Amino acid sequence: MTQTQPRTSPAGPAAGYNPWAALAALCLGFFMILVDTTIVSVATPAIIEDLQAEVNSVVWVTSAYLLAYAVPLLITGRLGDRFGQKWVYLAGLAVFTLSSLWCGLTHSVETLIVARAFQGIGGALMTPQTMATITRIFPAESRGKAMAMWGATAGLAMLVGPILGGVLVDSLGWEWIFFINVPVGVVGFVLAWRLVPLLPTHPHRFDWLGVALSGVAMFLLVFGIQEGHQYDWGRITGFVSVPLLIVAGVVVLAGFVWQQRRNTEEPLLPMNLFADRNFSLANVAISCMGFAVTAFGFPLMLWAQLVRGYSPTEAALLFTPMAVTTMVLAPVVGRWTDSVHPRRLVGAGFALLALSMVVVLHQMTPGSSVWTIIAPMTVFGVGNALVWAPNSATATRNLAMHQAGAGAGVYNATRQVASVLGSAAVAVLIDSRLAAQGLVFDPATQGESPGGGLPPQVIDRFSTAMAEASWLVPAAFVVGFVAVMFFERPGHQTVAPAQARPAAQPG
């Protein structure tokens, strides 16, 4: 039965709550979970040394989080529609906060991977609720400013993660990249409880077969891609081989799509969402962002700490220009988002991202000046600000209110799936390029410098391998640029203000 709450209204504060205060409360938790997608990259050398782990195992500390985060997003978006975005968000925040404490208390890489998976589940419960709530409490013609805050939070979090991680690893130890989430999570829980409104709910039937098929497909694909080089793309055990896992993943994924198309009741992935060209293209674009940002952090941190000998904090400060520029430009881009064609904003953003990354990769050498990295990183921040908010707003402009959770789930799922693949793909490329340079990364080969520098005879080859592996990143940005060139002008920009589409009523 559909429940109605007297406090709620899609239009805003007239019903007794402040939508901006609600958004700020949600963004605090959203910021925290996204920081955790990148914060581990800067702590990788410290975790390897302290837990005596292999590089591929530590990569799974990130991949387990991303995988557990990505797979449930389609269903967690629907959970918000059915039980209320506020309650599902609070449940996810509780799971995430407790799992963060578990991560910091672990003493083996295997346990850390499991704890990170639970963190991912908490994040999956939270993320769609933030975007769905924006869709429901802000009208389409002013949603750009709200999405600017949400998008800036997303973009800033993925850049701040390495900076915060570096400071914490240097000053307190790698465990504190997880302990820091506990007080933030408690504060976020209290604020969300007090400030986020209860919105009307909608009855849904859950497509459990679709959940199972999508989860199995993602696990097979990611495990096959990430572990492929370790097993020389051959047999893992018995009759199980890497190619078999990847092929099986593709087959199961095809079965999932077929099942969703035939589901006439309520599919996990509503295909009618993709009838809107802008929604489809925005999903492609955000996938490119998720893939690229996740893929870039790992090789850059290894290069900075092991080639240049930077401490974790010094290495993380390379991201500072990006974070500051994104934060400064976010309000400006938010004002543009509601009036400027998204093709111009997001297209310019992807172009700047690709160009800045090409420059960075050419400067990833043992003797390059730090300023030749910082300058293009600043340009990267401009591009980052131009992509996140306008793309997110474009994706949600035309969502029906009863599909707000589903649309938010799809949008965030595509971003996270791409992040998983980016993490897996860059791990494979790093391994491959190191092998091509005649190197095998081993923490025992590190020198005694504070940054864990490499022996002089391997520095050039290691640096080359990191730069070569990073070429995935500008390639992904080029794909994003091509996709957004086909954006259509949003409907609210093509009609007079008096005729603008009113805020849709939930229900």
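Residues numbered from 1 in each chain as written. Predicted model: local features only at pLDDT ≥ 70, side-chain atom pairs only at ≥ 80, totals over all residues. Heavy atoms only, no water.

1. What to know about the overall build of the protein
Counted only if it meets this: Here a helix means four or more residues in a row that DSSP labels H or I, a strand means two or more in a row labelled E, and each is numbered from the N terminus. By definition in these notes, contact holds between two residues if any of their heavy atoms fall within 4.5 Å. Only the protein chains shown count as cover for residues, and all accessible areas are computed by the Shrake-Rupley method using a 1.4 Å probe.
The helix and strand tally for the protein stands at 18 helices and two strands. Here the contacts in the protein between residues at least 6 apart in sequence split such that 85% fall between residues at least 24 apart. Accessible surface, the protein as shown: approximately 18,800 Å² in total, 68% of it carbon and sulfur.

2. Overview of the confidence of the model for the protein
The line we're drawing: pLDDT is a per-residue confidence score from the predictor, ranging from 0 to 100.
The predicted model of the protein has a mean per-residue pLDDT of 81, with 87% of residues at 70 or higher. Mean pLDDT across the elements of the protein bottoms out in helix H6 (residues 143-171) (76) and peaks in helix H18 (residues 472-484) (96). Overall, residues 1-15 carries pLDDT values under 50, and its contacts beyond four positions in sequence, including any with other chains, amount to 35 contacts. Confidence drops under a pLDDT of 50 for residues 443-452, and excluding neighbours within four residues, the segment shows 18 contacts in the predicted structure.

3. Some points on a nonpolar patch on the surface
What counts is decided by this rule: Residues qualify for a patch when their relative accessible area is over 30% and they have no salt bridge, like charges being joined within 9 Å and the nonpolar side chains of Val, Leu, Ile, Met, Phe, Trp and Tyr within 5 Å. Any Lys or Arg side-chain nitrogen found within 4 Å of a carboxyl oxygen on Asp or Glu counts as a salt bridge. Throughout, exposure labels follow a simple rule: accessible area from a 1.4 Å probe, protein chains only, divided by the maximum for the residue type, with under 20% read as buried, over 50% as exposed, and the rest as partly exposed.
Residues Val478, Phe481, Val482, Met485 and Phe486 make up a contiguous nonpolar surface patch of roughly 420 Å² in combined accessible area. By relative accessible area, which is 44% here, Val482 ends up partly exposed.

4. What about the pattern of salt bridges?
Scanning the model with the defined rule gives three salt bridges in all. Note that Asp36 is salt-bridged to Arg116, the shortest N-O span being 3.3 Å. A residue pair is termed long-range when its members are at least 10 positions apart, and Asp36 in helix H1 (residues 19-51) and Arg116 in helix H5 (residues 109-137) qualify at 80 residues. On the accessibility criterion, Asp36 (0% relative accessible area) is buried. Since its relative accessible area comes to 0%, Arg116 is described here as buried.

5. Quick word on the side chain of Ser214
Inspection of the secondary structure assignment puts Ser214 in helix H9 (residues 208-227). The buried category is assigned to Ser214, whose relative accessible area is 9%. Those residues in contact with Ser214 that sit more than four places away from it in its chain are Val71, Phe256 and Leu268.

6. Digging into the nonpolar core
The cut-off we apply is this: What is meant by a nonpolar core is a set of buried Ala, Val, Leu, Ile, Met, Phe, Trp, Tyr and Cys residues, joined one to another through side-chain atoms within 4.5 Å.
Core analysis: the largest hydrophobic core is formed by 138 residues, its most contacted members being Met289, Trp303, Phe350, Phe462, Met466 and Phe477. Sort the elements by how many residues they give to this core and helix H11 (residues 277-307) lands first, with 20 residues. Those residues in contact with Met466 that lie beyond four places of it in its chain are Pro299, Leu302, Trp303, Met364, Ile430 and Leu434.

7. Regarding the packing of helix H13 (residues 320-337) against helix H15 (residues 371-396)
Keep this limit in mind: For every element, the axis is a line fit to its C-alpha atoms; helices are fit only across the contacting stretch, and the angle between N-to-C directions ranges from 0 to 180 degrees. Left-handed describes a crossing whose near helix is turned anticlockwise from the far helix by less than a right angle; the clockwise case is right-handed. Put simply, Ala, Val, Leu, Ile, Met, Phe, Trp, Tyr, Cys and Pro go in the nonpolar bin, Asp, Glu, Lys and Arg in the charged bin, and everything else, Gly too, in the polar bin.
The contact between H13 and H15 brings their axes to 8 Å, and the two run at 35 degrees. Like other packed secondary-structure pairs, H13 and H15 cross with a definite hand, here right-handed. Here H13 contributes Pro321, Met322, Thr325, Thr326, Leu329, Val333, Trp336 and Thr337 to the contact with H15, which in turn contributes Ile374, Met377, Thr378, Phe380, Gly381, Val382, Asn384, Ala385, Leu386, Ala389, Pro390 and Ala393. Considered class by class, the residues forming the contact of H13 with H15 number 14 nonpolar, six polar and no charged.

8. Quick word on the packing of helix H3 (residues 73-83) against H5
Stated formally: Each angle is binned into one of four classes, with values under 35 degrees roughly parallel, values over 145 roughly antiparallel, values of 65 to 115 roughly perpendicular, and all other values oblique.
Look at H3 against H5: their axes get within 8 Å of each other, and the N-to-C directions meet at 60 degrees. By the angle between their axes, H3 is oblique relative to H5. The hand of the H3/H5 crossing is right-handed. Seen from H3, the contacting residues are Leu73, Thr76, Gly77, Leu79 and Gly80; seen from H5, they are Ala124, Leu125, Thr127, Pro128 and Gln129.

9. Let's talk about the packing of aromatic side chains
Our working definition: Here the aromatic set is Phe, Tyr and Trp, taking the six-membered ring for Trp, and pairing holds for ring centres within 6.5 Å; pairs whose planes are under 30 degrees apart are stacked, those over 60 apart are edge-to-face, and all others are tilted. Working rule: Lys NZ or Arg CZ, within 6 Å of ring centre, within 35 degrees of ring normal, means a charge sits over the ring.
Applying the stated criterion to the full structure yields ten aromatic pairs. When the centroid spacing of 5.7 Å and the interplanar angle of 70 degrees are considered together, the rings of Tyr65 and Tyr69 count as edge-to-face. In this pair, Tyr65 and Tyr69 both sit in helix H2 (residues 55-70), four residues apart, roughly one turn of the helix. Like Tyr65, the residue Tyr69 is buried in the burial classification. Arranged with centres 5.5 Å apart and planes meeting at 65 degrees, the rings of Phe274 and Phe279 form a pair that is edge-to-face. According to the relative accessible area criterion, Phe274 is partly exposed, its value standing at 30%. An aromatic cluster of at least three residues, connected via ring pairs, comprises Tyr65, Tyr69 and Phe96. Above the ring of Trp193, the side-chain terminus of Lys86 is found at 5.8 Å from the ring centroid.

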